[in-house]
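Working through the structure, step by step
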Amino acid sequence: MSAFLAPNQDFCAGSIEHIAAVALIVAAGLWATHQARKHPEKAETITRLFAWVLVGNVILWQIIKLGVSVLDSSHPAYVPYNLGEDLPLNPCNWLAFVALAYVYSKREWLWHLLYFFVWVFTFNAVLTPSLYENFPHFTFCKFWIAHTGLVMFVIHLNRLKAPTIAFKHLLKAYLYLQIFTAISLGINALIGTEANYFFLSHKPFSASVLDILGDWPYYIIQGDIIAFGLFVLAWLPYRFLTHRQCFRVPS
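Residues numbered from 1 in each chain as written. Predicted model: local features only at pLDDT ≥ 70, side-chain atom pairs only at ≥ 80, totals over all residues. Heavy atoms only, no water.

**What about the layout of surface pockets?**
- The calculated volume of the second largest pocket comes to roughly 490 Å³.
- Forming the walls of the second largest pocket are 22 residues, and the residues nearest its centre are L24, I25, A28, V53 and I145.
- Elements that contribute at least two residues to the lining of the second largest pocket include exactly α2 (16–38), α3 (43–69) and α6 (138–159).
- By residue number, the principal contributor to the lining of the second largest pocket is α2, which donates 10 residues. (1 Å grid on protein atoms, 1.4 Å probe; cavity = no way out; pocket = protein on both sides within 12 Å on 5 of 7 lines; lining within 4 Å. Points joined across faces, edges and corners; volume = space filled by probe spheres on them. Helix = DSSP H or I, 4+ residues; strand = E, 2+ residues; numbered from the N terminus.)

**Regarding the environment of G56**
- Within the secondary structure, G56 is located in helix α3.
- A residue is classified by how much of its surface remains accessible, and G56, at 31% relative accessible area, is partly exposed.
- Here the alpha-carbon distance between G56 and V103, two residues 47 residues apart in the chain, equals 15 Å. (Buried < 20%, exposed > 50% of the residue type's maximum accessible area, 1.4 Å probe, protein only.)

**Observations regarding the confidence of the model for the protein**
- Of all residues in the protein, 94% attain a pLDDT of 70 or more, and the chain-wide mean is 90.
- Contacts from residues 243–251, a stretch scored under 50 in pLDDT, to residues over four places away or in other chains number zero contacts. (pLDDT = per-residue confidence, 0-100. Contact = heavy atoms within 4.5 Å.)

**Focus: the pattern of salt bridges**
- By the definition in use, this model includes three salt bridges.
- Note that E44 is salt-bridged to K106, the shortest N-O span being 2.8 Å. Highlighted residues: E44 in helix α3 and K106 in the loop between α4 (91–105) and α5 (108–127), separated in sequence by 62 residues.
- With a relative accessible area of 40%, K106 lands in the partly exposed category.
- We note a salt bridge from K65 to D86, for which the minimum N-O separation is 3.2 Å. (Salt bridge = Lys/Arg side-chain N within 4 Å of Asp/Glu carboxyl O.)

**Let's talk about the packing of aromatic side chains**
- The full count for this structure, using the stated rule, is 24 aromatic pairs.
- A centroid spacing of 5.2 Å and a plane angle of 65° characterise the contact between F121 and F198, whose relative ring orientation is edge-to-face. One end of the pair, F121, is in helix α5; the other, F198, is in the loop between α7 (167–191) and α8 (218–246), and 77 residues separate them in sequence.
- Judged by centre distance (4.7 Å) and plane angle (75°), the ring pair of F180 and F198 falls under edge-to-face. Taken as a pair, F180 in helix α7 and F198 in the loop between α7 and α8 lie far apart in primary sequence, 18 residues in all.
- Since its relative accessible area comes to 15%, F198 is described here as buried. (Phe/Tyr/Trp six-rings, centres within 6.5 Å; stacked < 30°, edge-to-face > 60°.)

Structure (structure tokens):
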């Protein structure tokens, strides 16, 4: 239990633990999708359970974060709760709740937001993780369930025939990004210098794609422009499939 709670600062991107965690969650996601497709009458239940796992992962992480913050400061697992880092305000956290809201409400705008944000931001975090704790620390477990789990959930919904995405939906999702960015900037300013939600106050300390961009605040503007290109890239599979269907010869 102490290894699960006590910080270790041992994570290394590309390590066996990194690859194994991703592979395990990918396998679990594929299994859930296979079961949903094999048993259509259970597909809705499986999808809802999948979404609840993602939400439960974020809630449990918050409970543990709060729990270790009230331990005696001499305890090896003690870490103070940091309002600038520990609130569930980064996309990988609140997107879990978007996923849950979508499976119950079936509101298409939630699907559009989920699709683009997961492929543009969450998937990038799987490739270039901003993570310090290695297995078996709870932050390591939470990080990979949240990020890889969201990617697999989007694939799951696609395999179960989620609503089609048109270019206008891309534009709306990009508008949601501007709104989220403005809100995050406001929260960072309200909390103070220790806050860096959505990496808008400074770049991650670990290696990331932001390293190739300019200094603050120019990397925010550059990143926003690049994000639009990534939104387009994420949408192209839909454009390609729609184009093929338009030119399909009737049987």
